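Reading the structure
What follows is the residue order along each chain.
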Amino acid sequence: MSFERLAELLFPDVERDAEYYERLYPPRKLPEGAKVTRLAPSPTGFIHLGNLYGALTDERLAHQSGGVFFLRIEDTDAKREVPNGTELIRSSLRSFGLNFDEGALEGGDRGDYGPYRQRQRAQIYHTFAKKLVLEGKAYPCFCSEEELAEMRAEQEREKVNFGYYGKWAKYRDLPAEEAECRIRAGQPYVLRFRSEGDPSHYLHLTDQIRGKIDMPENDQDFVLLKSDGIPTYHFAHVVDDHLMRVTHVVRGEEWLATWPIHVQLFAALGWKCPKYCHTAHLMKAEGSGKRKLSKRKDPELALSFYRENGYPAESVREYLMTLLNSNFEEWRLANPAADIDGFRFALSKMGISGALFDLDKLRDVSKNVVAAMPAQQVYDAVAEWAKEYDRPFYDLLTADPAYALRVLSIGRGGKKPRKDIALWSDVKPYMSLFYDELFTREEPMPQGFDASLVKKALSLFCETYDEHDTQEQWFAKVKAVASALGFAPEVKQYKQSPESYPGHVGDVSMFLRIALTGRSSSPDMYEIMQILGRERTLARLNGCPV
Ligand code: GLU
């Protein structure tokens, strides 16, 4: 039986040929050097930091070069798929400011290279599988699970490499007539690639991140189509990346080991390989070493963690960029206010050993990112977050947006902005002193002062407080209270002879601060009083237990 007959038997429903698809998906008309990248996640309901890390790389490569960044859904594993898995991917990435130019988008596919969901591409995979059978490069294999297990046991005994290759490739040279009989009898089979690779020969590959890598050729007759006709990742991504005219494949380093398979497949199909960029894993410090972030142990691997806990998307992006490109931090120091997209992203600046991901560092980065945001942006983001995760706080914020904005404006915009907020979930405790509903006294008055003195300081201040005072007038009054009670009006003075005073003006300020805010550290007190207004200011000062 000829390959042709076998191919017809295996793929009776295939109507098109390879040329048809080559014409349907012509090379893209893009400017010289424009890169085409894709994010190709599976809709398993778990979208993780690694996806975002790769997506940022894809997005920058494409958009920095005037190219295209698209979304392909690798939904060949129906068992692992969850309802809304695709929507979750899109909304997560959107919330991090990543937008696709084409692909499996809301409301259907956008772009000329679809369909962008692998399950809708069965005809395409089968067309190219048929082509491989026709050329004698693929064959049906009828190995049962038991046979495979037996083979593995024997390989173990013989201490040889595991897998389906060489003399172990039992059905590789099955006479076509016999294959036909088995198929007609309805015996299940997978379609395997007939590998001509020789592991004693080395492929000289160049990874765009890792540089030159020599890897042995693949000799395994790997599976192209599973018994249900669904393609493996190896086959599907090669077909897709070729027909979708991808120029750069960015993927995790877990795919490095099977790269020779992909190179071999591209060659067998007569196609040019795209450039491959294998990104390093994200790691976490553990003890004195580091380990891969794990789905089971590390909640921070899931992108949902950042949303739920109120990590600003801008901060996560900013921090990931510091991990992605070694010169980003330096650029940020020189360009503190610049848009992150102004940074020139480069594959050559990516590390090859696992990048250490550290939530504390992310927090620090975030404080700077939030400090540089206008109050309105902070307000909008906090309200959006609270709407979903802290409804009572949302109601409070939105009941009087102008008031919330005044609070959020404190210490913002100057040369040395305040850095109180890292997460949106920090905002409620930070703002609580401005809302009587949330206000609690967290710290007591400092020790070592006579209670009657403290009380006197508060009441004296209340007697003179005038909400129309300027900041200077206000501070002069604080000093006057200090002097009236025998406190040093200047800290310097106090330091020269501490025994002469019960304390200094700073201590009086502290009494006021604790009485007003319930904490020893707070934003500018004058501004707080202005925002709280006369009545509430006096109520706090008078109502403070001493
Ligand atoms: N679906 C694969 C994954 O999620 C895609 C790998 C690739 O980008 O080629 O790992």
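Residues numbered from 1 in each chain as written. Predicted model: local features only at pLDDT ≥ 70, side-chain atom pairs only at ≥ 80, totals over all residues. Heavy atoms only, no water.

Details of the site of the ligand
In the vicinity of the ligand, the residues found are Arg38, Ala40, Ser42, Glu74, Tyr233, Val250, Arg251 and Trp255. Within the backbone of Ala40, one N or O atom sits 2.8 Å away from a nitrogen atom of the ligand. Trp255 is positioned with one of its side-chain polar atoms (N or O) 3.4 Å from an oxygen atom of the ligand. For the ligand, the protein covers 80% of the area, taking 300 Å² as the surface of the free molecule. Taking a 2 Å distance to the grid points as the criterion, the majority of the atoms of the ligand fall inside the largest pocket. Split into classes, the residues belonging to the shell around the ligand amount to four nonpolar, one polar and three charged. (Near = heavy atom within 4 Å. Polar contact = N/O pair within 3.5 Å; in protein donor to acceptor, adjacent residues only side chain to side chain. Areas by Shrake-Rupley, 256 points an atom, 1.4 Å probe, with all protein chains shown as cover. 1 Å grid on protein atoms, 1.4 Å probe; cavity = no way out; pocket = protein on both sides within 12 Å on 5 of 7 lines; lining within 4 Å. Sits in = over half its atoms within 2 Å of the grid points. Nonpolar A, V, L, I, M, F, W, Y, C, P; charged D, E, K, R; others polar.)

Quick look at helix α21 (residues 505-517)
With 13 residues, α21 extends 18 Å from end C-alpha to end C-alpha; this agrees with the ideal 18 Å at 1.5 Å per step. Along α21, eleven of the 13 residues are buried, which leaves the element largely enclosed by surrounding structure. Residues Val505, Asp507, Val508, Ser509, Phe511, Leu512, Arg513, Ile514, Ala515, Leu516 and Thr517 constitute the buried set of α21. On its buried face, α21 sits against α18 (451-464), α19 (471-484) and α22 (525-542). Just downstream of α21 lies Gly518, where phi reads positive at about 75°. (Helix = DSSP H or I, 4+ residues; strand = E, 2+ residues; numbered from the N terminus. Expected span 1.5 Å × (residues − 1). Buried < 20%, exposed > 50% of the residue type's maximum accessible area, 1.4 Å probe, protein only. Contact = heavy atoms within 4.5 Å.)

Some words on the pairing of strand β11 (residues 275-279)
Within β11, four of the five residues are buried, leaving the element largely enclosed by the surrounding structure. Sheet topology places strand β10 (residues 248-252) next to β11; five bridges connect them, and they run parallel. Following the sheet pairing, Val250 is matched in β11 by Cys277. Taken together, β10, helix α9 (residues 259-268) and β11 form a β-α-β motif whose crossover is right-handed. (Pairing = 2+ DSSP bridges. Right-handed = clockwise from strand over helix to strand, strands pointing away.)

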